[in-house]
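Fold and geometry: a report
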Amino acid sequence: MDTTTLDAALDAAARGWHVFPLRPGSKRPAGHPEDRCPGTGRCAGGHRTWEQRATTDPSKIRAAWTHAPYGIGVATGPSGLCVLDLDTAKPGEEIPQRWAAAGARSGEDVLAVVADEAGQELPGDTLTVRTPSGGLHLYYRVPGDVTLRNTSGERGNGLGWKVDTRAWGGYVAGVGTTTPAGRYGFLWDGTVAELPRWLVSRLTPAPLPAAPVVPIRPAGDRRSRYLDAAVRAEAGKVADAKTSRNATLYAAAVALGQLVEGNALTEDEVRAALMTAAGRHIGTRHFTAREAETAITSGLRAGANRPRRIA
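Note that the coordinates shown come from a computational prediction; the quantities given were computed from them, not determined experimentally.

1. A few points about the environment of E121
Along the polypeptide, E121 turns up in the loop between α5 (107-117) and β4 (128-130). The exposed category is assigned to E121, whose relative accessible area is 68%. Put simply, E121 and P196 are 75 residues apart on the chain and 9.3 Å apart in space, counted from C-alpha to C-alpha. Sequence-distant contacts of E121, defined by excluding residues within four places in its chain, comprise A115 and W198.

Shown next as structure tokens:
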């Protein structure tokens, strides 16, 4: 039993952070992927993702971390957190011109430039973790009236080169986790500050379109044709995406998630269709099966807030 890791997991849970096991010596979630789910045990009612399994229950944490020397995943969304992941450049890596011209050499520098351009203070006075690569994780509380998702670099509404954010659909390796590169540890174990409002605005996704005022009313067997066409259209967008594949997949899951919540489609058939469409991109740069599953889960959750019903 790795009591140090167990204690660290319990400490994280005591702070209100929802934790789940990472594979020993790795940053990847422990357990089976959805496509190999046995449908038994904790998954008897359907596959449970790492985000759904994350817990603050000390008894469940003790049971897990006495089973194996797992690392610690902190599920940022359920924990009410947004973590700014400030990475460092790899040896020989070319710095994009925009950031090189501003004198930035790391994610920490980029965040300083972004804050300066916004006329704001650098949001550094919060609990901070040093990563094995020499980067930083800045922990922030998300205001209760907003829902944030992950961002990556400069894509979508991201902040910039070497700056990722982790919120709903994301996680970070917690203090006490060890990888071949080293161990995650506190740089400053202080108060978790609230995410500054100017960053909330920068990171908030564009609003979803309004839901239809009245139910969609295709006649007769046109109902099934309408739904088939809707699934094909959204899956086609994902399959044909040349860039922003994660954002395209998320948007498709939002659209179909509205129909799932309206009881027109099942979540299983939507997940299967979107994962099949995303399959042609999985394994390419910056796109993994885990990222695809996370985008779908987050999109379905967002779509559920605006159900569309088929009369």
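2. Thoughts on the layout of surface pockets
In this structure, the second largest pocket encloses a volume near 290 Å³. Taken together, 17 residues form the lining of the second largest pocket, with P21, R42, R53, K60 and A64 sitting closest to its centre. Contributing elements (two or more residues each) for the lining of the second largest pocket: β1 (18-22), α2 (50-53) and α3 (58-65). Broken down by element, the residue count for the lining of the second largest pocket peaks at four residues, all from α3. Class assignment of the residues belonging to the lining of the second largest pocket gives a composition of nine nonpolar, four polar and four charged.

3. Some thoughts on the packing of aromatic side chains
Per the counting criterion, the structure on display carries five aromatic pairs. Between W65 and Y70, the ring centres sit 6.5 Å apart and the planes meet at 90°, which makes this aromatic pair edge-to-face. Take W65 and Y70: they sit in the same class, and that class is buried. Sitting over the face of the ring of W99, R98 holds its NZ or CZ atom 3.9 Å from the ring centroid. Taking NZ or CZ as reference, R149 lies 3.5 Å from the ring centre of Y250, over its face.

Conventions and cut-offs
Residues numbered from 1 in each chain as written. Predicted model: local features only at pLDDT ≥ 70, side-chain atom pairs only at ≥ 80, totals over all residues. Heavy atoms only, no water. Helix = DSSP H or I, 4+ residues; strand = E, 2+ residues; numbered from the N terminus. Buried < 20%, exposed > 50% of the residue type's maximum accessible area, 1.4 Å probe, protein only. Contact = heavy atoms within 4.5 Å. 1 Å grid on protein atoms, 1.4 Å probe; cavity = no way out; pocket = protein on both sides within 12 Å on 5 of 7 lines; lining within 4 Å. Points joined across faces, edges and corners; volume = space filled by probe spheres on them. Nonpolar A, V, L, I, M, F, W, Y, C, P; charged D, E, K, R; others polar. Phe/Tyr/Trp six-rings, centres within 6.5 Å; stacked < 30°, edge-to-face > 60°. Lys NZ or Arg CZ within 6 Å of the ring centre and 35° of its normal.

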